[in-house]
Amino acid sequence: MHFQYLLQLGDNALILSQRLGEWCGHGPVLEQDIAMTNIALDLLGQARMLLTHAGELEGKGRSEDTLAYFRDAHQFHNALLVEYPNTDWAYTIARQFFFDAFAFHNYQALLQSRDERLAAIAEKSLKETTYHLRYSSEWMVRLGDGTETSHQKMQAAVDALWMFTGELTTPSEADRLMAEAGIAPDLSKIKPLWEAKVNAILEEATLTKPDNNWMQSGGKEGRHTEYLGYMLAEMQHLQRTYPGNEW
Amino acid sequence: MKDWPLWEVFIRSKQGLSHKHVGSLHAADAQMALENARDVYTRRNEGISIWVVESAHIHASTEDTEAFFDPANDKIYRHPTFYDLPDAVKHM
């Protein structure tokens, strides 16, 4: 379960990084194109550390690359939120904000992890995630409290993604067991912190918090949306076709 | 976004004593300009301080170069190298 827990964290970072990477060359303006790529590379760095740690802990000789490129969708343990397609800039920002608000508090709590290597990864990642959260919060407010069009688009994105947010702070079996072992934080303590941040930013952004409380789940257990398969096909294509290839 | 104004970016590096012009970018306002500058110009840990100023607020000299700058040409005594400096004087 320790292995699976590290995959949850590592896959969140890897899959969101891949999604953000899709903006490369397609950003609304050059400056945001670079901002997306920066965040994507930060997350890729986090994914590398987490998956390397996971592979070594598993002890079956699987490297970060093996774990990234030679698992199928049902073996990925990321939350559904991060595999959701970019759709438009508002969706990208809302997805990023909901995730960052979770990752920020989660990494902060992981500083106390009994897994010392994980605590060290959390410390390094927290610096990056603090900036990501600042960036995505700023864009939530800018677009939510912007023009009529930007407000509508931002609200539409918040409404559509809302049902994927509950999973972040709903414990999986791995979350529960690792929390008992002092390796992972108790997600019931992260949940109010996430909600407080989200409520504050939604309010500042003049956005309405969706009243739908029915939440999707399954990502952490390997049950994914159809989107993940297509994404992995693109991400893994080269290594699957030419295993071990380098350039 | 096509209407976003242009901003000039100045960065002070770790060792630098003053801000240096590094380039320009588009942003809707000053805060966005600072954040864009952070992403576009300090990705390799180049800076510890950023200034941004709307390009429209920069006034450039347009005078004919000859009349404007040439009078300084033959005044070699204005250069610090013209004088012998005591060793104790630093940062010249």
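The numbers attached to residues start from 1 for each chain and follow its sequence in the written order. By the order in which they are written, chains take letters starting at A while ligands take numbers starting at 1. Where totals are concerned, whole chains, interfaces and linings use all residues; where local detail is concerned, this predicted model gives features only for residues with pLDDT of at least 70, and gives and counts side-chain atom pairs only at 80 or more. Note: side-chain values were computed over all heavy atoms of the structure, leaving out hydrogens and water.

*Asks:* Explain the interface of chain B and chain A to me, and be specific about the residues and the numbers.
*Replies:* Contacts were defined at the residue level, with two residues in contact if any of their heavy atoms lie within 4.5 Å. In this complex, chain B contributes 14 residues to the contact, which on the side of chain A involves 14 residues. Between chain B and chain A, a total of about 1400 Å² is buried, with carbon and sulfur atoms accounting for 51% of that surface. Salt bridge, as applied in this entry: a Lys or Arg side-chain nitrogen positioned within 4 Å of an Asp or Glu carboxyl oxygen. In this structure, Glu35(B) engages Arg134(A) in a salt bridge whose closest nitrogen and oxygen atoms are separated by 3.3 Å. Under this definition, polar contacts are N or O atom pairs within 3.5 Å; protein pairs additionally need one hydrogen-donor-capable and one acceptor-capable atom, and for neighbouring residues in sequence, both atoms have to be side-chain atoms. Linking chain B with chain A are seven residue pairs in polar contact (both at pLDDT 80 or more). Looking at the side of chain B that touches chain A, the elements that each hand over two or more residues are β2 (20–26) and α1 (30–41) of chain B. In this description a helix means any DSSP run of H or I spanning at least four residues, a strand means any run of E spanning at least two, and both kinds are numbered starting from the N terminus. Tallying contributions element by element places α1(B) first for the side of chain B that touches chain A, with seven residues. Partitioned by chemical class, the residues of the side of chain B that touches chain A number six nonpolar, three polar and five charged. In short, buried area is how much 1.4 Å probe accessible area vanishes from two parts on joining, totalled over both. The classification used treats Ala, Val, Leu, Ile, Met, Phe, Trp, Tyr, Cys and Pro as nonpolar, Asp, Glu, Lys and Arg as charged, and all other residues, Gly among them, as polar.

*Asks:* Give me the lowdown on helix α7 (residues 148–161) of chain A, citing residues and values where you can.
*Replies:* Residue and element names in this part refer to chain A. Take the number of residues in a helix, subtract one, and multiply by 1.5 Å to get its expected span. When the terminal C-alpha atoms of α7 are compared, their 20 Å separation across 14 residues agrees well with the 20 Å that a helix rising 1.5 Å per residue should span. Within α7, burial applies to Ser 150, Met 154, Gln 155, Ala 157, Val 158 and Leu 161. Along α7, the residues classed as buried sweep out an arc of 160° about the axis, all on the same side. Here the buried face of α7 lies against α4 (80–83), α5 (89–110), α6 (116–144) and α9 (187–204). In this scheme, a residue with accessible area under 20% of its type's maximum is buried, one over 50% is exposed, and one in between is partly exposed, where area comes from a 1.4 Å probe on protein chains only. Arc definition: it is the arc formed by the directions from the helix axis to the C-beta atoms.

*Asks:* How would you summarise helix α10 (residues 226–241) of chain A if you had to cite specific residues and measurements?
*Replies:* Every α-helix carries 3.6 residues per turn, so stepping three or four residues along brings you back to the same face. Residue and element names in this part refer to chain A. For α10, which comprises 16 residues, the first-to-last C-alpha distance of 22 Å matches the rise-based estimate of 22 Å (1.5 Å per residue) to within 8%. To obtain the bend at a residue, axes are fitted to the seven residues ending there and to the seven starting there, and the angle between these axes is taken. Taken as a whole, α10 carries its principal kink of about 45° at Met 235. All of the buried residues along α10 are Leu 228, Met 231, Leu 232, Met 235, Gln 236 and Gln 239. For α10, the secondary structure elements touched by its buried residues are α1 (2–21), α3 (64–69) and α4.

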